[in-house]
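If you want the building blocks of each chain, they are given just below.
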Amino acid sequence: MNNTFDSSVVARCTAQIVADLPALEWITDARVDRLSQDFYWFSPVLKRELTGLRAHAVVRPKTEAEIAAAVGACASAGVPITLRGSGTGNYGQCIPLHGGVILDMSAYNQMLWVKPGVGRAQAGIRMGEFDRLSQPDGWELRCVPSTFRSATLGGLYGGGFGGIGSVNHGPLAATGNVLGVRAMSIEPVPRVLELRAPEALLLHHVYGTNGLVLELEVGLAPAHPWLEAVVCFEAFDAAIEFADALAAAPGIVKKCVTLLAAPIPDLLPQLATSLRPGQHAVFVLVAEFCEPGLVQLAGEFVGSITHRQTAAEVAQSKRTLVEFTWNHTTLHAMKIDKSLTYIQSGFAAGPHVSQAKALRKMLGDEVLVHLEFIRSKEGAPTCSGLQLVRYTSETRLNEIMQIHRDHGVFIANPHVFHVEDGKQGEVNPDVVATKQRFDPAGLLNPGKLRGWDQREALAARAASGDVSLRTLPKF
Ligand SMILES: Cc1cc2nc3c(=O)[nH]c(=O)nc-3n(C[C@H](O)[C@H](O)[C@H](O)COP(=O)(O)OP(=O)(O)OC[C@H]3O[C@@H](n4cnc5c(N)ncnc54)[C@H](O)[C@@H]3O)c2cc1C
């Protein structure tokens, strides 16, 4: 079966499935429009390409049996299924290209267990809720996106990268962060399989194209009361060198180090009293007992601490700096300046600071520097960029991304919706082979995985020994 679907047939079959499964929670009214979208509009390119696409119906199952009933019915009828967590992805990952059913996982959201250093939950659990339940035992998720309040664990695994905590633990894909997943196949009689790491990572960041993740088992980090602070600098070089030193400081327990170069802080009026106009700001989360180390380091780099809140004060105020980091910076800035868009980049561990300085000098006011300090997948301190770009044309946007590549900076292009055109970068035969196992009819989020069109050629290469594929356990 190829990836072409007759819209009127899909519409008719979907309506029949809705009628056949009345016990499930279905949404078929105007809310389907909203539930067919994510934050794709961050990109002017995706906005042009994806606006108006929608599913025919949304189903919100609460149990594994309900998920299996919806999946089995869609598979029997050949109806596309697009998985959705909370729809906070920002590359149109959960926008259906061919209509059909959106399977909203957000009601499948139970915490299963927490043990020292590891926890397991159903995929639809919100990450803020996971932490709320695990923190009393002294543990929390190792990295969460700035959308932690609403975004689901399954959505981070299916479409995300990492976030707050990646300064210690790297991206979600770093070895040891994901220990296992329980996944369902898309077949008339769905089957379920537990995949342990490293095979568990085969379904990661592939936009829900090669398997439906029911449960995730993930490594946890010790939970601390986190002090939130802003350190402001007159000079960019001092700001980036401070951020780099803090991120690497082995004696300071931290969770987030974010550099927002001027004029980005001026685009955050909500924090105006905590910022200095025209200055560069570093947003940090450090364990409260590490405040003296933070103060000392800020002094060494001639930074001024302009904002400080204890964990209790953050909880009381209900406003956290976290929701001004990562792509929340993009969101707030775009609300103030509609000409902005963004790019996503990975600097080379080692020369990352000099790369960032050189690019800032070269691109001037056209690219506003926003860096998140992280560890690479291999563990080396580096930074990831979510630079804001003054958008003039798609051609210029592509040139800016190419200039970064020419300086040795990796670009995870956020203006594309195919898995391989973004962070993955190329067709991964293991990902395609996994889809063949879990989704033999190609019904999961069709049109997003380029490699699916090459599956026969890849299978032939694997059979001839030209490509060696990971062996997956049997159902
Ligand atoms: C303001 C803003 C800030 C952000 N900050 C960050 C950040 O700090 N770090 C980061 O990594 N990302 C970030 N993102 C992107 C996004 O919020 C996160 O990746 C988030 O974890 C996605 O979760 P979700 O539940 O909203 O997933 P969705 O957007 O609903 O889904 C994401 C993808 O995963 C698939 N999927 C969902 N559930 C499953 C499942 N059970 N099985 C298989 N596939 C599934 C979907 O089909 C889709 O392709 C940000 C986005 C915005 C708009």
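In the block above lies the structure referred to throughout.
Q: Can you tell me about helix H5 (residues 127–134), naming the residues and giving the values?
A: Within the span of H5, buried status applies to Met-127, Phe-130, Asp-131 and Ser-134. On an axial view of H5, the arc spanned by its buried residues comes to 95°, and they lie on one face. Structurally, H5 contributes buried residues whose contacts are with strand S5 (111–115), strand S6 (118–122), strand S7 (139–141), helix H6 (153–159) and strand S10 (212–222).

Q: So what's going on with the packing of helix H12 (residues 352–363) against helix H13 (residues 394–406)? Residues and values would help.
A: At a minimum axis distance of 11 Å, the contact between H12 and H13 shows a crossing angle of 145°. Relative to H13, H12 is oriented so that their crossing is right-handed. Where H12 abuts H13, its residues Leu-359, Met-362 and Leu-363 lie against Arg-396, Ile-400, Ile-403 and His-404.

Q: Lay out the site of the ligand in plain terms, naming residues and giving numbers.
A: Around the ligand sit 36 residues in total, of which Leu-83, Gly-85, Thr-88, Thr-152 and Gly-162 are the nearest. Within the side chain of Thr-88, one N or O atom sits 2.6 Å away from an oxygen atom of the ligand. One nitrogen or oxygen atom from the main chain of Phe-161 is found 2.7 Å from an oxygen atom belonging to the ligand. Against a free-state accessible area of 980 Å², the protein chains account for coverage of 98% of the ligand. Among the secondary structure elements, those contributing two or more residues to the shell around the ligand are strand S3 (81–84), H6 and helix H11 (326–336).

Q: A description of the sheet that holds strand S19 (residues 381–385) should follow, citing residues and the corresponding values.
A: Reading across from one edge, S14-S11-S13-S12-S18-S19-S16-S21 is the order of the eight strands in this open sheet, with antiparallel pairing throughout. Strands with a single pairing partner mark the edges of an open sheet, and in this sheet they are strand S14 (304–309) and strand S21 (410–411). The pairing of strand S11 (residues 226–233) with S14 spans five bridges and is antiparallel. If you follow Val-231 over to S14, its bridge partner there is Ile-305. With respect to the sheet, H12 is in contact with strand S13 (280–287), strand S18 (370–375) and S19, its orientation differing from that of S19 by roughly 30°.

Q: For the pairing of S19, give the residues involved together with the corresponding values.
A: A large share of S19 lies buried, amounting to four of its five residues. Relative to S19, strand S16 (residues 345–346) runs antiparallel, the two being bridged by two bridges. Looking at S19, one finds that Gly-346 is bridged to Ser-384. Where S18 and S19 come together, five bridges link them in antiparallel fashion. Across the sheet, Ile-374 pairs through a bridge with Thr-382, a residue of S19. Hairpin connection, S18 to S19: the antiparallel pair is bridged by five residues, and Gly-379 has positive phi, about 110°.

Q: Now, about the packing of aromatic side chains: what can you tell me, with residues and values included?
A: Evaluation of the coordinates by the stated rule reveals nine aromatic pairs. Ring centres of Phe-39 and Trp-41 lie 5.7 Å apart, and the angle between their planes is 40°; this geometry places the pair in the tilted category. Given a relative accessible area of 27%, Phe-39 falls into the partly exposed group. Given a relative accessible area of 33%, Trp-41 falls into the partly exposed group.

Conventions and cut-offs
Residues numbered from 1 in each chain as written. Predicted model: local features only at pLDDT ≥ 70, side-chain atom pairs only at ≥ 80, totals over all residues. Heavy atoms only, no water. Buried < 20%, exposed > 50% of the residue type's maximum accessible area, 1.4 Å probe, protein only. Helix = DSSP H or I, 4+ residues; strand = E, 2+ residues; numbered from the N terminus. Arc of directions from axis to C-beta. Contact = heavy atoms within 4.5 Å. Axes fitted to C-alpha atoms, helices over the stretch in contact; angles between N-to-C directions. Left-handed = near helix turned anticlockwise from the far one by under 90°. Near = heavy atom within 4 Å. Polar contact = N/O pair within 3.5 Å; in protein donor to acceptor, adjacent residues only side chain to side chain. Areas by Shrake-Rupley, 256 points an atom, 1.4 Å probe, with all protein chains shown as cover. Pairing = 2+ DSSP bridges. Phe/Tyr/Trp six-rings, centres within 6.5 Å; stacked < 30°, edge-to-face > 60°.

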